[in-house]
Amino acid sequence: MNGWRLTCAWAAALIPFVLAPALLANRPAISPQSGPVTFEKDVLPIFRAHCTNCHEEGNDSGFLDLTNRELILEGGRSGPGVIPGDPEKSILLRRVLGLDGKPQMPKGFGPISDEKMATIRVWISQGALATPAGTDTRHWSYIPPVRPEVPEGAGSPIDRLVEAKLAEQGRSFSPEADRETLIRRVSLDLTGLPPTPEEIASFLSDREPDAYERVVNRLLDSPSYGERMARPWLDLARFADTNGYEKDERRQNWAWRDYVIRSYNEDKPFDQFTREQIAGDLLPNATREQLIATGFHRNTMLNLEGGTDPMEQRWLVLVDRVATTGTVWMGTSFGCAQCHDHKFDPISQKEFYQLLAFWESADEPSLPLAETETKPFLDRLKARQASVMALPDSEPKRVILAEIKAQIEALPQNQTLIFQESDRTAETPIRNGGVYLSPGEKVVPGVTTRIAPWSESYPKNRLGLAEWLISRENPLTARVQVNRVWELFFGRGLVKSLGDMGTQSEVPVQGALLDYLAVEFMDGSWRLKPLIKQIVMSRTYRQSSAMTEDALGWDPENVYLGRGARFRMEAEMIRDNALAIAGLLDTTIGGPSAFPTQPEGIWNIPYNGDRWPIELSSDRYRRGIYTFWRRTSPYPSFLSFDAASREVCLPGRTRTNTPLQALITLNDPVFLEAASGLATRMREADDETVSRIERGYLLALARKPSAVETNLLVEYQNAQEERLRSDGARDAEGESWRLVASVLLNLDETITKE
């Protein structure tokens with residue numbers, strides 16, 4: 001037995017040596033960027049991000065300094081780090097690959113990505129070149145985007161840029177998706193809602209060349225477009241209906257949410273959208289809407305509990321505003337510089353506090369809402385009151401009527417959170433080590449000019465900050481915004497890290513496309529609708545999402561964009577989709593948050609007597625963007641499908657697959673009601689079982705079922721009806737169709753955009 005163990009140990013030790021050639025060969029053979037790979041521009045940023053904590057002057061572990069090309073060639077304790085032209089024999093590459101029985105570097109941290117490894121490999125293969133004098137060595141994202149040269153040929157610039165990258169790999173586009181898939185895909189992407197059977201039939205029968213374009217125009221003009229586009233912005237802005245922390249008391253800022261939805265529907269230029277939210281109160285002759293817009297940074301959490309230091313809590317709010325501004329507009333982790341100079345990006349601790357100083361002179365009042373701003377809500381309350389009055393008398397009815405009466409009486413006191421500039425001096429102390437109780441040198445407002453220059457024409461206030469963020473010299477803002485739009489439709493940004501476009505981000509394979517879109521965005525007056533139309537009209541977007549074994553092998557994440565996108569819908573869209581399919585969705589726009597049905601016992605707040613009200617009107621079927629958002633207890637089905645708590649800025653949601661999600665769509669009260677609604681719509685279609693099933697498929701999936709699918713559901717419906725009759729069910733046929741509808745709502749295809 002001991003001999004066997006010894007043999008296994010020796011075999012395990014020999015694995016790195018035996019597999020070394022294969023490990024080296026299986027790494028990507030090329031770097032995403034074209035042209036020569038040089039040390040200072042391409043390789044040194046990788047070492048600074050992963051290696052120089054241990055390998056730099058004064059801390060050169062193994063006597064190896066990775067900040068200097070000559071010293072790398074000279075090597076350390078183990079000999080020359082790099083042999084120019086021979087990556088397989090270069091110790092540096094072998095160590096970062098974890099070969100020769102040595103620990104993989106960087107030790108104690110995650111491995112360097114394949115893309116960065118490829119850059120190092122190509123650098124060595126090309127002769128370990130130095131960067132020529134005079135070369136701009138800034139990280140790619142810190143160089144302002146310029147319009148790239150677009151290859152000649154047919155199709156849109158997007159398609160020609162994508163096709164060129166595919167051709168480099170010997171690949172081409174996938175076929176176009178079928179028309180049923182296409183109208184469902186673009187409807188979900190632009191409105192967050194499925195197409196109606198009438199819209200599907202109209203598109204399928206329209207054979208004019210511009211049929212698809214007219215569908216796109218209709219969807220962009222839909223009021224639902226603004227609601228769909230506003231959802232990611234609410235995550236970024238950490239919008240919620242409560243303050244957070246233990247008490248988590250309610251707040252009113254829904255008028256700001258309405259402003260965001262309205263702005264997207266009006267296609268407000270993004271530069272103006274930025275000015276209004278950062279500094280609407282500082283604009284000349286600021287309107288009420290511009291004051292309401294400043295509610296963006298009033299969405300921070302607020303700790304009003306006893307025993308807290310109000311000044312320290314205010315400072316924490318300001319820290320959050322700096323970090324959020326950096327993430328939202330520049331895709332950069334400014335918050336890292338709260339305690340010390342940023343280790344990777346060009347942001348010093350002093351510059352962090354200079355940014356914080358922009359908000360030191362801002363007061364934080366509430367703005368009473370005008371009667372015209374609350375009238376839509378008043379009308380809805382009166383309609384709810386009338387619908388509840390028609391119900392039989394009961395204790396729940398009396399409770400709801402009392403709540404509605406209280407809301408109507410409170411309407412004159414409705415307000416929203418805003419900024420108002422004061423006459424205080426805008427200055428703040430640097431907090432040594434990021435500790436509130438350790439103030440140091442005082443600084444005045446300023447920015448990190450190593451990312452973008454500050455013009456003397458900008459005022460030294462929040463309005464000046466907004467102008468700096470949306471200046472053409474700022475290399476990040478346009479790129480960050482178009483990258484988020486791309487992720488919304490393709491499930492993955494051109495730069496994968498939505499919240500980090502600094503030196504820790506990887507060089508995008510489709511970097512020319514990113515720059516093209518960023519310049520198009522700015523040249524198009526910062527308007528989103530024309531940019532989005534160009535994206536969804538492209539052949540790149542309209543491709544089939546069918547996955548082949550070959551595609552899975554060479555491009556599993558679809559970074560080369562050789563197929564359409566297929567991914568699970570976001571939390572709110574899953575619920576909205578189910579309600580729309582069931583014919584229950586209330587499409588009322590705007591107003592205070594709604595309280596859809598949720599299981600009992602979710603709210604149990606020791607320091608707050610608040611409770612989730614019973615809702616019997618159609619308000620419980622409003623879109624998910626209007627669902628009341630308690631930070632300490634978000635709506636449970638949304639949380640199960642990876643929604644955010646909204647305590648901090650979230651640049652992008654993750655997508656997970658868990659058994660709990662299936663239990664939500666099977667058993668959550670909303671989905672049970674949706675199944676009943678869909679069953680009713682199926683039964684209204686026809687008396688024939690097959691026709692009903694076809695109607696259900698059209699409503700849920702925008703297509704007809706296959707013969708196999710039809711036969712399975714016919715058998716299932718018959719079996720369930722027979723079982724229910726034998727159990728003495730009052731309406732066995734109706735209940736059996738509800739179960740069929742539940743099957744349709746729980747199909748993977750139903751909650752997936754493909």
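Residues numbered from 1 in each chain as written. Predicted model: local features only at pLDDT ≥ 70, side-chain atom pairs only at ≥ 80, totals over all residues. Heavy atoms only, no water.

### Thoughts on the overall build of the protein
Move 1: Each helix and strand in the protein was counted, giving 30 helices and 10 strands.
Move 2: Relative to the 2.2 N^0.38 estimate, which gives 27 Å for 754 residues, the radius of gyration of the protein is 29 Å and therefore close to what a compact globule would have.
Move 3: Seen through its principal axes, the protein has C-alpha atoms that stretch 90 × 70 × 65 Å.
Move 4: Counting only residues that meet the buried cut, the protein has 54% of its 754 residues in that class.
Move 5: Restricting the contact set of the protein to residue pairs at least 6 apart, pairs at least 24 apart contribute 71%.
Move 6: Carbon together with sulfur atoms contributes 54% to the accessible area of the protein, which is approximately 32,700 Å² in total.
Move 7: Distance from the positive charge centre (87 side chains) to the negative charge centre (105 side chains) of the protein: 1 Å. (Helix = DSSP H or I, 4+ residues; strand = E, 2+ residues; numbered from the N terminus. Rg over C-alpha atoms; globule rule 2.2 N^0.38 Å. Buried < 20%, exposed > 50% of the residue type's maximum accessible area, 1.4 Å probe, protein only. Contact = heavy atoms within 4.5 Å. Areas by Shrake-Rupley, 256 points an atom, 1.4 Å probe, with all protein chains shown as cover. Lys, Arg positive; Asp, Glu negative; His and termini not counted. Charge placed at Lys NZ, Arg CZ, Asp CG, Glu CD.)

### Observations concerning empty space enclosed by the protein
Move 1: Inspection of the entire model under this criterion finds six cavities of 30 Å³ or more.
Move 2: Its boundaries defined by the atoms lining it, the largest cavity holds a volume of some 500 Å³.
Move 3: In terms of lining, the largest cavity is formed by 33 residues, of which the most central are Arg231, Pro232, Arg484, Glu487 and Leu488.
Move 4: No other element matches the seven residues that helix α10 (residues 223-236) contributes to the lining of the largest cavity.
Move 5: Partitioned by chemical class, the residues of the lining of the largest cavity number 18 nonpolar, three polar and 12 charged. (1 Å grid on protein atoms, 1.4 Å probe; cavity = no way out; pocket = protein on both sides within 12 Å on 5 of 7 lines; lining within 4 Å. Points joined across faces, edges and corners; volume = space filled by probe spheres on them. Nonpolar A, V, L, I, M, F, W, Y, C, P; charged D, E, K, R; others polar.)

### Regarding the packing of aromatic side chains
By convention here, two paired aromatic rings are described through the distance between centres and the angle between planes.
Move 1: If you walk through the whole model with that rule in mind, you get 32 aromatic pairs.
Move 2: Ring geometry for Phe296 against Trp329: centres 5.2 Å apart, planes inclined by 65 degrees, an arrangement best described as edge-to-face. Placement of the pair is Phe296 in the loop between α13 (288-293) and α14 (310-330) and Trp329 in helix α14, with a sequence separation of 33 residues. The same class applies to Phe296 as to Trp329, namely buried.
Move 3: Sitting over the face of the ring of Phe203, Arg179 holds its NZ or CZ atom 4.1 Å from the ring centroid.
Move 4: If you follow Arg630 out to its NZ or CZ, it ends over the ring of Trp603, 4.0 Å from the centre. (Phe/Tyr/Trp six-rings, centres within 6.5 Å; stacked < 30°, edge-to-face > 60°. Lys NZ or Arg CZ within 6 Å of the ring centre and 35° of its normal.)

### Observations regarding helix α17 (residues 395-410)
Move 1: For α17, spanning 16 residues, the distance from its first C-alpha to its last is 23 Å, which sits close to the expected 22 Å at 1.5 Å a residue.
Move 2: For α17, the complete set of buried residues consists of Lys397, Ile400, Leu401 and Ile404. Seen along its axis, α17 keeps its buried residues to an arc of 100 degrees; they face one direction.
Move 3: Contacts made by the buried residues of α17 are with α16 (371-389).
Move 4: Capping the start of α17 is the job of one residue whose side-chain oxygen sits 3.2 Å from the backbone nitrogen of Lys397: Ser394. (Expected span 1.5 Å × (residues − 1). Arc of directions from axis to C-beta. Polar contact = N/O pair within 3.5 Å; in protein donor to acceptor, adjacent residues only side chain to side chain.)

### Considerations on the pattern of salt bridges
Move 1: For the structure shown, the criterion picks out 63 salt bridges.
Move 2: For Arg214, the salt bridge is made with Asp210, and the minimal N-O distance between the two is 3.3 Å.
Move 3: Among the residues examined, Arg214 registers a relative accessible area of 39% and is labelled partly exposed.
Move 4: By relative accessible area, which is 32% here, Asp210 ends up partly exposed.
Move 5: Among the ionic pairs, Asp610 bridges to Arg630, the shortest N-O distance being 2.4 Å. Taken together, the positions of Asp610 in the loop between α24 (571-582) and α25 (636-640) and Arg630 in the loop between α24 and α25 put the pair 20 residues apart, joining distant regions of the chain.
Move 6: By relative accessible area, which is 0% here, Arg630 ends up buried.
Move 7: Taken together, the shared-partner salt bridges in this structure form one network comprising Arg228, Arg231, Asp235, Glu570, Glu572, Arg646 and Arg653. (Salt bridge = Lys/Arg side-chain N within 4 Å of Asp/Glu carboxyl O.)

### Some thoughts on the domain arrangement of the protein
Move 1: As assigned here, the protein comprises domain 1 (26-137), domain 2 (228-366 + 421-478) and domain 3 (378-410).
Move 2: When each unit is reduced to the centre of its C-alpha atoms, the spacing between domain 1 and domain 3 is 69 Å. (Domains from an automatic or database assignment.)

### With respect to the confidence of the model for the protein
Move 1: Considering every residue of the protein, the mean pLDDT works out to 90; 95% of them sit at 70 or more.
Move 2: Below a pLDDT of 50 lies the segment residues 1-32, which in the model reaches 34 contacts outside its immediate sequence neighbourhood of four places, other chains included. (pLDDT = per-residue confidence, 0-100.)

### Concerning helix α12 (residues 270-279)
Move 1: Counting buried residues in α12 gives nine out of 10 residues, a clear majority hidden from the surface.
Move 2: If you check which residues of α12 are buried, you get Phe270, Asp271, Phe273, Thr274, Arg275, Glu276, Gln277, Ile278 and Ala279.

### Remarks on the packing of helix α27 (residues 669-685) against helix α28 (residues 689-701)
Move 1: α28 packs onto α27 with a crossing angle of 130 degrees between their chain directions and a minimal axis gap of 8 Å. Relative to α28, the element α27 lies oblique. The way α27 lies across α28 gives a crossing that is right-handed. Taking contact as the criterion, the partners of Leu678, Arg681, Met682, Arg683 and Ala685 in α27 are, on α28, Arg692, Ile693, Arg695, Gly696 and Leu699.
Move 2: A class-by-class count of the residues in the contact of α27 with α28 yields five nonpolar, one polar and four charged. (Axes fitted to C-alpha atoms, helices over the stretch in contact; angles between N-to-C directions. Parallel < 35°, antiparallel > 145°, perpendicular 65-115°, else oblique. Left-handed = near helix turned anticlockwise from the far one by under 90°.)

### Examining unusual backbone geometry
Move 1: For the peptide bond that leads from Met105 to Pro106, omega is 0 degrees, which places it in the cis range.
Move 2: Inspection of the secondary structure puts Pro106 in the loop between α4 (91-97) and α5 (114-125).
Move 3: Phi at Trp526 takes a positive value of approximately 60 degrees, unusual for a residue other than glycine.
Move 4: For Trp526, the position within the fold is in the loop between α20 (511-523) and α21 (528-537).
Move 5: For Trp526, a relative accessible area of 6% puts it in the buried group.
Move 6: A positive phi angle, near 65 degrees, is found at Leu561, a position not held by glycine.
Move 7: Inspection of the secondary structure puts Leu561 in the loop between α23 (549-554) and β9 (567-568).

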